[in-house]
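These are the residues of each chain, in order.
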Amino acid sequence: MLKGDKIYLRALEPADINFLYHCENDTSVWNVTNTFIPFSKNNLLKYINSQQDIYADKQLRLVIINKQDNQPVGFIDIFDFDPYHMRAGIGILVAGKENRNKGYAREALQIISVYTKNILGLKNLFCNILANNMASIKIFEANNFKKIACKPAWHRQNNEWIDEYFYIKTLTHD
């Protein structure tokens, strides 16, 4: 378990199935998760029960848990894990408007930055953020991610084209 002040991060458990099912099938976030079809509980249970080895799978999903009530509030994903080049992508989803703007994503990003640096030995983290996602831009920039590129008209959303920004954070090894 990876602990912070307000939250902790832990591996997915079978008991998370209803929360995962709700989040994966929430069409309001499909535009940022690149999801286009609903997921069945059966397929999600297979995912939860599959051995999660970041070195084999090149990805890891952790549940963000509110320490106050021990309830899940979201997920943080490590993806495109590349131990040779010492880098990985990061994605965060805080589910439900009632859980947003409470610092959960900011703290999860801080915890995962320490974990990926100290435990996985990574040098760089990256993320892709839609230009109209000001909340995510603010969180990642506050955590020292630097915008290094803009992919113009990269993402189609409601028949409109949105730019996507590419951010990198270099993890310093003292």
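Residues numbered from 1 in each chain as written. Predicted model: local features only at pLDDT ≥ 70, side-chain atom pairs only at ≥ 80, totals over all residues. Heavy atoms only, no water.

Participant: Kindly report on the pattern of salt bridges, identifying the contributing residues and their values.
Facilitator: Summed over the entire model, instances satisfying the criterion amount to five salt bridges. Where Arg10 meets Asp16, a salt bridge forms, and the shortest distance between an N and an O atom there is 2.8 Å. Classification of Asp16 as buried rests on a relative accessible area of 4%. Residue Arg61 pairs with Glu24 through a salt bridge whose shortest N-O separation is 2.5 Å. Here Arg61 is found in strand E3 (residues 60-66), whereas its partner Glu24 is found in helix H1 (residues 17-24), with 37 residues between them in sequence. A relative accessible area of 13% means that Arg61 is categorised as buried. According to the relative accessible area criterion, Glu24 is buried, its value standing at 14%. Sharing partners across several salt bridges, the network here consists of Glu24, Arg61 and Asp77. (Salt bridge = Lys/Arg side-chain N within 4 Å of Asp/Glu carboxyl O. Buried < 20%, exposed > 50% of the residue type's maximum accessible area, 1.4 Å probe, protein only. Helix = DSSP H or I, 4+ residues; strand = E, 2+ residues; numbered from the N terminus.)

Participant: Could you give me a rundown of the packing of H1 against helix H3 (residues 41-49), with the residues and numbers involved?
Facilitator: Relative orientation of the contacting elements H1 and H3 amounts to 120°, with a least axis distance of 10 Å. By the angle between their axes, H1 is oblique relative to H3. Judged by the sense of rotation from one axis to the other, the crossing of H1 with H3 is right-handed. On the side of H1, the interface is formed by Ile17, Asn18, Leu20, Tyr21 and Glu24, while H3 contributes Lys41, Leu44, Leu45, Tyr47 and Ile48. (Axes fitted to C-alpha atoms, helices over the stretch in contact; angles between N-to-C directions. Parallel < 35°, antiparallel > 145°, perpendicular 65-115°, else oblique. Left-handed = near helix turned anticlockwise from the far one by under 90°. Contact = heavy atoms within 4.5 Å.)

Participant: Could you give me a rundown of the sheet that holds strand E1 (residues 2-3), with the residues and numbers involved?
Facilitator: In space, the eight strands of this open sheet follow the order E1-E2-E3-E4-E5-E6-E8-E7, with mixed pairing throughout. This sheet does not close on itself; its edge strands, each paired only once, are E1 and strand E7 (146-157). Pairing analysis gives five bridges linking strand E2 (residues 7-11) to E3, with the strands arranged antiparallel. Residue Leu9 lies in a different strand from E3, and its bridge partner there is Ile64. The strands touched by helix H6 (residues 134-142) are strand E5 (87-94), strand E6 (124-130) and strand E8 (160-170); relative to E6, the strand with the most contacts, the crossing angle is about 160°. (Pairing = 2+ DSSP bridges.)

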